[in-house]
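# Examination of the molecular architecture
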Amino acid sequence: GNAGGCMLTATATASRSNLFSSTGIDGFARRRASDVSRAPARVARSPRHRAMDANNEDDSALASSSSSQRWESPGYETLRLLVPELDSSRYHKGQAGKIGVVGGCSEYTGAPYFAAMSALRMGADLAHVFCAEGAGQVIKSYSPELIVHPYLREGRKEVTVTVDGGEAVHAVTYDEEAVFEAMERVTPWLHRMDALVVGPGLGRDPTMSEIAKRIIAFAHERDVPLVIDADGLRVLMEDQGLIREGHVVLTPNKAELDRFSAQIAGSRGDPPPTTTIARARYVTSQLDGPVVVAKGEADIVALFVIVESTDGAAMPYRRHLVCDEPGSPRRCGGQGDVLAGAIAVFLAWATRSKEAECAVVRRIAGMDADVDADMEDLIANAGEGPDFALHPSLASAVSVVAAYAGCLVTRVAARAAFGRKRRSMLATDVIEELGDTMQRLFPVYADEG
């Protein structure tokens, strides 16, 4: 479909999207993606082996894999379903998204600002930052648009523990009293958030890390959409049981993905995955289905969940998307924070209502070239019953679409920012391009609202 002169072409996961190649500071050229050949199918041996069959395949083979793994990239009609209309007669302040960012310590104050401001520039109504006491005034000084809660605490306690053999060992741990105090102040606000980003600027302080861990557990238990980035991923490595399938997106860069997959493989006695896409699939499979966005030259959005069939058997459901829309060759700091904020907004929008989420679910069926009968039943029955609770597998699938949309918008904005600033481009320049990028992709007309 066409919108505002922009064409979103639906392509196979293996295809290069290249939807908006920049032709200068202001121009975006239409460019159709090229399909590539598809490798023979590989069938998972069992749910317990999860993604291990893919570990020795190279990225190009997996990107062009068979229909059992293929998703067609979302077209304009699907992505447009994520974005709410601007209608002042139906919506009030806050209904276009309240995004919370958990992070910001005394050393790192820029990252939570980037994530929160990106959410606002994307079109969220409100952005909250939950940060350390020592970071609050600094972050407040960056912009009056942010609602800053300096409720988190930094600190550590030295303890002595006795190990086997009676040897006394000194260790460093978190301050339980400080954690309790922070959670008492933060928890009432978490209920109000439509999505949370956990990790930007969090740092490695043990008390901050424990607070983040408890916020992740609290939010996931209540199905508040989560984006976990940066030091939030380190927290997750320490306690891998915190999350599973649902509205959860992890956004590791190459180094973080390498460490995470190697740590999981080592703890399970598995051979380590050897390619980016295999690592992404391995992490999502072993953590039971959060979406993994492997950031890189192309962003790989991977999902692996286990769906229970009608006869009670556990069936693997493995899909991925590739977003290789041209971005910026300049890799300045903060771009990952911008992406995290963008994905959080799309997650909030995708889950804003039963009707909105079910509309995306129905589109997912059209993206899949080979939907099995059990997944078809889940899609057909989505939204049925008085108490709406989307099946976790479908919630993860919706999160894939939201994550892909965030990757696409961030890449187009980064390309435009690089077109203006070249080597001097900063994360703030990318943030400034988000509004124009959203208008080009999802235009708002003068008479709307």
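The text that follows walks through the structure, step by step, so that each part is easy to find. Remember, it's a predicted structure, so these values are computed and weren't measured experimentally.

Rules used in this analysis
Residues numbered from 1 in each chain as written. Predicted model: local features only at pLDDT ≥ 70, side-chain atom pairs only at ≥ 80, totals over all residues. Heavy atoms only, no water. Helix = DSSP H or I, 4+ residues; strand = E, 2+ residues; numbered from the N terminus. Contact = heavy atoms within 4.5 Å. Polar contact = N/O pair within 3.5 Å; in protein donor to acceptor, adjacent residues only side chain to side chain. Phe/Tyr/Trp six-rings, centres within 6.5 Å; stacked < 30°, edge-to-face > 60°. Buried < 20%, exposed > 50% of the residue type's maximum accessible area, 1.4 Å probe, protein only. Expected span 1.5 Å × (residues − 1). Axes fitted to C-alpha atoms, helices over the stretch in contact; angles between N-to-C directions. Parallel < 35°, antiparallel > 145°, perpendicular 65-115°, else oblique. Left-handed = near helix turned anticlockwise from the far one by under 90°. Nonpolar A, V, L, I, M, F, W, Y, C, P; charged D, E, K, R; others polar. Core = buried A, V, L, I, M, F, W, Y, C linked by side-chain atoms within 4.5 Å. Pairing = 2+ DSSP bridges.

## Details of the side chain of Ser328
You can see Ser328 is positioned in the loop between strand E15 (314-323) and helix H10 (335-350). For Ser328, the contacting residues outside a window of four places in its chain are Gln335, Ala414, Arg415, Phe418 and Met425.

## Quick word on the side chain of Thr251
Among the secondary structure elements, Thr251 is positioned in the loop between strand E12 (248-250) and helix H8 (254-268). Within the structure, Thr251 has its side chain in polar contact with the side chain of Asp229 (distance 2.8 Å).

## Some details on the packing of aromatic side chains
On inspection of all chains with the given rule, the structure shows five aromatic pairs. For the ring pair Tyr76 and Phe442, a centre distance of 6.3 Å and an interplane angle of 20° mean the geometry is stacked. With a gap of 366 residues between them, Tyr76 in helix H2 (residues 76-80) and Phe442 in the segment after helix H14 (427-441) connect regions that are remote in the sequence. On the basis of an interplanar angle of 90° and a centroid distance of 5.6 Å, the ring pair of Phe346 and Trp349 is categorised as edge-to-face. Within this pair, Phe346 and its partner Trp349 are both found in helix H10, separated by three residues, close to a single helical turn. As far as burial versus exposure is concerned, Phe346 and Trp349 are alike and both buried. Members of the aromatic cluster, connected to one another through ring pairs, are Tyr76, Phe346, Trp349 and Phe442.

## With respect to helix H13 (residues 392-421)
For H13, with 30 residues, the first-to-last C-alpha span of 42 Å sits near the 44 Å given by 1.5 Å per residue. The element H13 is largely enclosed, with a buried count of 26 among its 30 residues. A positive phi of about 55° marks Arg422, the residue just after H13.

## As for H10
An ideal rise of 1.5 Å per residue puts 22 Å on 16 residues; H10 measures up with 23 Å between its terminal C-alpha atoms. The buried count for H10 comes to 15 of 16 residues, which makes it a mostly enclosed element.

## Some points on the packing of H8 against helix H9 (residues 276-286)
Any two packed helices are characterised by how steeply their axes cross, that is the angle between the axes, and by the distance between the axes. Closest axis-to-axis distance for the H8/H9 pair is 9 Å, and the angle between their directions is 55°. Taken together, the axis directions place H8 and H9 in an arrangement best described as oblique. Helix-helix and strand crossings are classified by hand; for H8 and H9 the assignment is left-handed. Judged by residue contacts, Leu257, Asp258, Phe260, Ser261, Ile264, Ala265 and Arg268 of H8 engage Thr276, Arg279, Ala280, Tyr282, Val283 and Gln286 from H9. Taken together, the residues of the contact of H8 with H9 break down into seven nonpolar, three polar and three charged.

## Quick look at the nonpolar core
Judged by nonpolar contacts, the single largest core of 77 residues is most densely connected at Leu82, Leu146, Phe346 and Phe442. Excluding anything up to four places from it in sequence, Leu82 contacts Phe346, Trp349, Ala350, Arg352, Val360, Val401, Ala402 and Ala405. Counting 46 residues, the second largest nonpolar core, distinct from the first, contains Leu196, Leu202, Ile216 and Ile277.

## Details of the sheet that holds E15
Strand order in the open sheet made by the nine strands is E7-E6-E5-E10-E11-E12-E13-E14-E15, with mixed pairing throughout. Taken across any chain shown, the strands that pair with only one partner, and hence form the sheet edges, are strand E7 (147-152) and E15. Each strand axis lies, on average, 20° off the axis of its neighbour in the sheet, ignoring direction. As defined by bridge partners, strand E14 (residues 299-308) adjoins E15 across 10 bridges and the pair is classed as antiparallel. In the strand pairing of E15, Glu308 is matched with Ala314. Docked against the sheet, helix H3 (residues 110-122) engages strand E5 (98-102) and strand E6 (126-132), running at close to 170° with respect to E6.

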